[in-house]
Amino acid sequence: MPRAVRFHEYGDVDVLRVEEVDRPEPGPGQVLVRVKAAGINPGESAIRNGALRERWPAMFPSGQGSDLAGVVEGRGPGVSWVETGDEVLGWTEGRASQADYVVTEADRLVRRPVGVPWLAAGALFVVGTTAYASVRAVGAERGDTVVVSGAAGGVGSIAAQLARNTGATVIGLASERHHDWLTAHGVVPVPYGDGIDDTGERILAATEGERPAAFIDTFGDDYLNLADRLGIPHERINTIINYPGAEALGTRTAGNSDAAEAEVLAELAALVDRGALEIPIAAAYPLDEVRDAYRELEQRHTLGKIVLVP
């Protein structure tokens, strides 16, 4: 029988199970996909452990996962643009992509370009659209200097590249072990300092004392306060994680929901296809090792994305 990741109560990674389930059937406007790769994301950990139960409660038993890439196995009435055997990538709103099979709406899928590897395709939607919205929110453009915190993470690594593609100079805050990757992608790496004042001094040293034009925070902690101390206009600061801080300072909070469109996903896939965007893959785990995958994710030290392979 097909398998799917499930959890029956809030908790740490030990509540995750891989269970046998019925094969889903597509309804009107839907497509059945045999999953070849499904990315994992920090938001899923927060939902599973109950941190977001007020905003996004779980209905038990709950599945997991939004990102997906795979092969079309069937389609419901009203779907004509894909055929059985077509290769697609996209997302589901049903917390269900970490499985052998998933049903999703046809308008949440796009064709997989031949130059987009399966692992990258399965990891692209959440981080890609979040990074896209972040770069758009701060108005990055040629001549700007944009700082990205967590610049080697899932969202940060893409945001740094997208900002660089606008012609901006990008300062990437990251652990030193990831600096070679950032440099190879045109990003100026800066190591984390001992507190925000020290980190701020390191940023200004990299910019030769000039104030950065924009700041994208993908990590949280005190980075909004750092951006504020650097004198960056609040309308050009975006965070994808520190919502209380953003409310206090009046900064932006654009993220996945602000760019969750098939057209944006297709644009990102096209960038990957022509070599203008890399989706770094930190690790790929079999579906049965989902607990280990999330243990690695929750350490917050990976370069790029972790992917499940059913």
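Keep in mind the model is a prediction, meaning the values are calculated, not measured. (Residues numbered from 1 in each chain as written. Predicted model: local features only at pLDDT ≥ 70, side-chain atom pairs only at ≥ 80, totals over all residues. Heavy atoms only, no water.)

When its secondary structure is counted, the chain shows ten helices and 14 strands. Since a compact globule built from 310 residues should have a radius of gyration of about 19 Å, the 19 Å found for the chain is in line with a globular shape. Summarising its shape, the C-alpha atoms of the chain cover approximately 60 × 40 × 35 Å along the three principal directions. Going through the 310 residues of the chain one by one, you find that 55% of them count as buried. A fraction of 66% describes how many contacts in the chain between residues 6 or more apart in sequence connect residues 24 or more apart. For the chain, the accessible surface area stands at approximately 13300 Å², while carbon and sulfur atoms represent 46% of it. In the chain, 28 positive and 45 negative side-chain charges are present, and the distance between their average locations comes to 3 Å. (Helix = DSSP H or I, 4+ residues; strand = E, 2+ residues; numbered from the N terminus. Rg over C-alpha atoms; globule rule 2.2 N^0.38 Å. Buried < 20%, exposed > 50% of the residue type's maximum accessible area, 1.4 Å probe, protein only. Contact = heavy atoms within 4.5 Å. Areas by Shrake-Rupley, 256 points an atom, 1.4 Å probe, with all protein chains shown as cover. Lys, Arg positive; Asp, Glu negative; His and termini not counted. Charge placed at Lys NZ, Arg CZ, Asp CG, Glu CD.)

It is the contact of helix H3 (residues 124-138) with helix H9 (residues 262-273), at a shortest axis distance of 10 Å, that shows an interaxial angle of 95°. Relative to H9, the element H3 is oriented roughly perpendicular. Of the residues in H9, those in contact with Leu-124, Phe-125, Gly-128, Thr-129 and Tyr-132 of H3 are Val-264, Leu-265, Glu-267, Leu-268 and Ala-269. Classifying every residue of the contact of H3 with H9 by side-chain character gives seven nonpolar, two polar and one charged. (Axes fitted to C-alpha atoms, helices over the stretch in contact; angles between N-to-C directions. Parallel < 35°, antiparallel > 145°, perpendicular 65-115°, else oblique. Nonpolar A, V, L, I, M, F, W, Y, C, P; charged D, E, K, R; others polar.)

Where H3 meets helix H4 (residues 154-165), the axes come as close as 8 Å, and the angle between the chain directions of the two elements is 45°. Judged by the angle between their axes, H3 and H4 are oblique. Of the two possible hands of crossing, H3 and H4 adopt the one that is right-handed. Of the residues in H4, those in contact with Val-127, Gly-128, Thr-130, Ala-131, Tyr-132 and Val-135 of H3 are Gly-154, Val-155, Ile-158, Ala-159, Leu-162 and Ala-163. By residue class, the composition of the contact of H3 with H4 is nine nonpolar, three polar and no charged. (Left-handed = near helix turned anticlockwise from the far one by under 90°.)

Our next topic: the pattern of salt bridges. Summed over the entire model, instances satisfying the criterion amount to 14 salt bridges. The closest approach of N and O atoms between Arg-17 and Glu-19, which form a salt bridge, is 3.5 Å. Overall, Glu-19 belongs to the buried group, its relative accessible area being 19%. Overlapping salt bridges bring together Arg-3, Asp-100 and Asp-288 as one network. (Salt bridge = Lys/Arg side-chain N within 4 Å of Asp/Glu carboxyl O.)

Before going further, it helps to spend a moment on the pairing of strand S5 (residues 87-91). Here S5 lies mainly inside the structure; four of its five residues are buried. Note that strand S4 (residues 67-75) and S5 share five bridges and pair antiparallel. Bridging across to S5, Leu-68 finds its partner in Gly-90. Alignment of S5 against strand S7 (residues 109-111), held across three bridges, turns out to be antiparallel. By the bridge assignment, Val-88 is partnered in S7 with Arg-111. (Pairing = 2+ DSSP bridges.)

A few words on the packing of aromatic side chains. Two numbers describe a pair of aromatic rings. These are the distance of the centres and the angle of the planes. Across all of its chains, the model carries six aromatic pairs by this definition. Ring centres of Trp-91 and Phe-125 lie 4.2 Å apart, and the angle between their planes is 0°; on these two criteria the pair is classed as stacked. With Trp-91 in strand S5 and Phe-125 in helix H3, this pair connects stretches of sequence that are 34 residues apart. Phe-125 shares its class with Trp-91; the two are buried. The structure contains a cluster of three or more aromatic residues connected by ring pairs, namely Phe-7, Tyr-10 and Phe-60. Taking NZ or CZ as reference, Arg-23 lies 4.9 Å from the ring centre of Tyr-101, over its face. Arg-300 extends its terminal NZ or CZ atom over the ring of Phe-219, reaching a point 4.0 Å from the ring centre. (Phe/Tyr/Trp six-rings, centres within 6.5 Å; stacked < 30°, edge-to-face > 60°. Lys NZ or Arg CZ within 6 Å of the ring centre and 35° of its normal.)

With that settled, consider the sheet that holds strand S9 (residues 169-173). With parallel pairing, the five strands of this open sheet are ordered in space as S10-S9-S8-S11-S12. Where the open sheet ends on each side, the last strands, each with one partner, are strand S10 (188-190) and strand S12 (237-239). Recorded for the sheet is a direction-independent mean angle of 15° between the axes of neighbouring strands. Sheet analysis places strand S8 (residues 145-149) next to strand S11 (residues 214-217), joined by four bridges and oriented parallel. For Val-148, the partnering residue across the bridge sits in S11 and is Ile-216. Most of the contacts of H3 go to S11, to which it runs at about 155°, and overall it touches S11 and S12. Strands in contact with helix H6 (residues 196-206) are S8, S9 and S10; relative to S10, the strand with the most contacts, it is inclined by about 155°.

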